[in-house]
Amino acid sequence: MAPLRLYRIDAFTTQHGQGNAAGVVTDARGLSQAQMQAIAAELGHSETAFVLPPRDAGHDLHIRYFTPTTEVPVCGHATVGAHYALALEGAAPGVRRQLTGAGVQTVQTRSDEDGIIVRIQQNPPTFAEPLPQDVVRELALALGLEPDELDPRGPVQFVSTGHGKLMVPIRSRARLQALRPDMTRLAALDEATASRGYFVFTLDTLDGEDATTHGRMFAPGIGIAEDPVTGNANGPMGAWLVKHGLIGAPGGEVCFRARQRDGAGRGGFMDVSVRVENGEPVAVAIEGRAVLGERMERALDSA
């Protein structure tokens, strides 16, 4: 039996050692769920993607995603990593339908002079009710913010495009960069907020820069103190910005660049597209680049 091909891919970046590192197993046939979980734990990345054959004619491939401790429905940077690794192995550019725990997603790969681009069509956005103000106050304090540092132009609200996050808008990029949340206190709010991921972001940008937004994402309740670049946060953020009128969509679609960087300085970027009908966001796509970090092979019986 052919050995497993394992990759570390730095997604949402064009620089080695930046972006968000994902593990990828490009042919996971023969692996049990327990073996997948063990490999993800050993690799130690926030998520590892396991590529499997399709289950039926309604999709082209099946991908399962594992953190070091549990399986999750879908993951943006690991999807970029998986399709980038498949392209490195010779998969032709084009559109593929992938089955995930969040349903079937359309993923397109293409190339330009700078390399491979992966575009993910996320699920239609859904919006929970805004958080009650008493919970918002507790959340702000757990993040190390005063309540008046939140951006009053939109609510603190859970938004999903398949695997959502709590949107936490704030006024200042300087405060975003300086955040030092109380992770224990933040994780303890998961039940009250009905979320396990907190995306803090701002529209406070410098004149002439290429980004419209900057963000940071914390998920201590699932063992991720901070994620450097998160597709399932920036995509929902795009829908949130449109819904609350903070970004316009002339012609029925808006595209913008979102940047994210953790407190240690690791980060990257993606381009977010939101399609709008009758003033409401109805479709979200993200696209990003990647670089190869490492390629390994391992016998299946030692996995």
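Further up the page is the structure itself.
Residues numbered from 1 in each chain as written. Predicted model: local features only at pLDDT ≥ 70, side-chain atom pairs only at ≥ 80, totals over all residues. Heavy atoms only, no water.

Colleague: An account of the pairing of strand β10 (residues 157-160) is requested, with residue identities and associated values reported.
Modeller: Two elements, strand β9 (residues 126-127) and β10, share two bridges in a ladder whose sense is antiparallel. Looking at the pairing, phenylalanine 127 lines up with valine 159 of β10. Direction of pairing for β10 relative to strand β11 (residues 165-169): antiparallel, over a ladder of three bridges. What sits directly across from glutamine 157, in β11, is methionine 167. Linking β10 back to β11 in an antiparallel pair, the connection comprises four residues, with glycine 162 at a positive phi of about 130°. (Pairing = 2+ DSSP bridges. Helix = DSSP H or I, 4+ residues; strand = E, 2+ residues; numbered from the N terminus.)

Colleague: How would you sum up the packing of aromatic side chains? Please name residues and give values.
Modeller: Tallied over the full model, the rule gives three aromatic pairs. An angle of 90° between the planes, with centres 5.6 Å apart, marks the rings of phenylalanine 50 and phenylalanine 66 as edge-to-face. Within this pair, whereas phenylalanine 50 is found in strand β3 (residues 48-52), its partner phenylalanine 66 is found in strand β4 (residues 61-66), the two being separated by 16 residues in sequence. Assigned by exposure class, phenylalanine 50 and phenylalanine 66 land together as buried. Among the aromatic side chains, those forming a connected cluster through ring pairs are Phe199, Phe201 and Trp240. Above the face of the phenylalanine 127 ring, lysine 243 is positioned so that its terminal group lies 4.9 Å from the ring centre. (Phe/Tyr/Trp six-rings, centres within 6.5 Å; stacked < 30°, edge-to-face > 60°. Buried < 20%, exposed > 50% of the residue type's maximum accessible area, 1.4 Å probe, protein only. Lys NZ or Arg CZ within 6 Å of the ring centre and 35° of its normal.)

Colleague: Before we move on, can you summarise the pattern of salt bridges with the specific residues and values?
Modeller: Across all of its chains, the model carries 21 salt bridges by this definition. For glutamate 89, the salt bridge goes to arginine 5, with nearest N and O atoms at 2.7 Å. Remark: arginine 5 occurs in strand β1 (residues 4-11) and glutamate 89 occurs in the loop between α2 (76-88) and β6 (94-100); sequence separation between them is 84 residues. Assessed through its relative accessible area of 32%, glutamate 89 is described here as partly exposed. Among the salt bridges present, the one from aspartate 112 reaches arginine 289, with a minimum N-O distance of 2.5 Å. Remark: arginine 289 occurs in the loop between β17 (280-288) and β18 (290-298) and aspartate 112 occurs in strand β7 (residues 103-112); sequence separation between them is 177 residues. In this structure, a network of salt bridges that share partners links the residues Asp210, Arg257, Arg259 and Asp271. (Salt bridge = Lys/Arg side-chain N within 4 Å of Asp/Glu carboxyl O.)

Colleague: Break down helix α1 (residues 33-43) for me, with residues and values.
Modeller: An α-helical turn contains 3.6 residues, so any two residues separated by three or four positions project in the same direction. Within the sequence span of α1, burial applies to Met36, Gln37, Ile39, Ala40 and Leu43. Seen from one end, α1 has its buried residues packed into an arc of 160°, which puts them on one side. Turned more than 90 degrees away from the buried face of α1, the exposed residues are Ala34 and Glu42. Lining the buried residues of α1 we find β1, β2 (20-25), β3, β4, β5 (71-72) and β18. Remark: glycine 44 follows α1 within two positions and exhibits a positive phi of approximately 80°. (Arc of directions from axis to C-beta. Contact = heavy atoms within 4.5 Å.)

Colleague: Go over the nonpolar core, please, and point to the residues and values.
Modeller: Formed by 52 residues in total, the largest nonpolar core has its most connected members in Tyr65, Met237, Leu241 and Val272. Once you skip the residues sitting within four places of it in the chain, valine 272 turns out to touch Asn234, Gly235, Gly238, Val254, Cys255, Phe256, Ala258, Val284, Ala285 and Ile286. Within the second largest apolar cluster, 20 residues are counted, among which are Leu131, Val136, Ala142 and Tyr198. (Core = buried A, V, L, I, M, F, W, Y, C linked by side-chain atoms within 4.5 Å.)

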